[in-house]
Amino acid sequence: MTKPTLNSFFVGRALAQSLNDKLGETLTYTLSELGKINAEQGEKLRNFTQEVIDRAARETTNASGNTTTVAPNGQTIDVQETIDDLRAEIARLRAEIQAHRHQS
């Protein structure tokens, strides 16, 4: 074989190997990104599903006439009891304001 032919062969071989390496890197990167997107979509779907279930539970509770609800932190709250406590606090503060006004 002549020297230019031999050089052409090695240049072609090096080009094929380089293209193969780049194609492998690109394919790996693409599959990695698709995996990330798939995982993110799965997490968003789980969050959305949990939100729907929580909302349905709240609506079921409200529709049944039960005044107990679940706070975002997981604690159970009796809404009617909270309203009654706030009304009592308002009444107490009004009484204190009236007493203060009468002292003046």
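Just so it is clear, the model here is predicted, and its values are computed rather than measured.

Chemist: Is there a simple way to explain the overall build of the protein in this structure?
Modeler: Across its full length, the protein holds two helices and two strands. Overall, the protein shows an N-to-C arrangement of helices and strands of α-β-β-α. Expressed as a percentage of its 104 residues, the buried residues of the protein come to 1%. Here the protein has roughly 9300 Å² of accessible surface; of this, 59% comes from carbon and sulfur atoms.

Chemist: Looking at this structure, I do not really get the packing of aromatic side chains. What am I missing?
Modeler: Each aromatic ring pair is summarised here by two numbers: the centre-to-centre distance and the angle between the ring planes. Using the criterion set out here, one finds one aromatic pair in the structure. Considering the side-chain rings of Phe9 and Phe10, the 5.2 Å spacing of their centres and the 70 degrees angle between planes classify their relative orientation as edge-to-face. Given a relative accessible area of 43%, Phe10 falls into the partly exposed group.

Chemist: Sorry, what's going on with the pattern of salt bridges here?
Modeler: Oppositely charged side chains can form a pair if their charged atoms are brought close together. Scanning the model with the defined rule gives six salt bridges in all. The partner of Lys22 in a salt bridge is Glu25, and the shortest N-O contact between them spans 4.0 Å. Note that Lys22 and Glu25 are positioned in helix H1 (residues 3–63) at a spacing of three residues, about one turn of the helix. Judged by relative accessible area, which is 54%, Lys22 ranks as exposed. Between Glu96 and Arg92 there is a salt bridge, and its shortest N-O distance comes to 2.3 Å. In this pair, Glu96 and Arg92 both sit in helix H2 (residues 79–103), four residues apart, roughly one turn of the helix.

So, how was this worked out
Per-chain numbering applies: the sequence of each chain, read as written, is numbered from 1 onward. With the structure being a predicted model, the display of local features is reserved for residues of pLDDT at least 70 and the display and counting of side-chain atom pairs for 80 or more, all residues being used for whole-chain, interface and lining totals. With hydrogens and water stripped out, all remaining heavy atoms of the structure feed into the side-chain values. Labels follow the DSSP assignment, with helices taken as runs of H or I lasting at least four residues and strands as runs of E lasting at least two, numbered in each case from the N terminus. Each residue gets one of three labels from its accessible area relative to the maximum for its type: buried under 20%, exposed over 50%, partly exposed in between, using a 1.4 Å probe on protein chains only. Areas reported as accessible are Shrake-Rupley estimates using a 1.4 Å probe. Residue values count occlusion only from the protein chains shown. Only the six-membered ring of Trp is used, alongside the rings of Phe and Tyr, when aromatic pairs are assigned; centres must lie within 6.5 Å, and planes under 30 degrees apart are stacked while those over 60 apart are edge-to-face, with the rest tilted. Throughout this description, the term salt bridge denotes a Lys or Arg side-chain nitrogen within 4 Å of a carboxyl oxygen of Asp or Glu.

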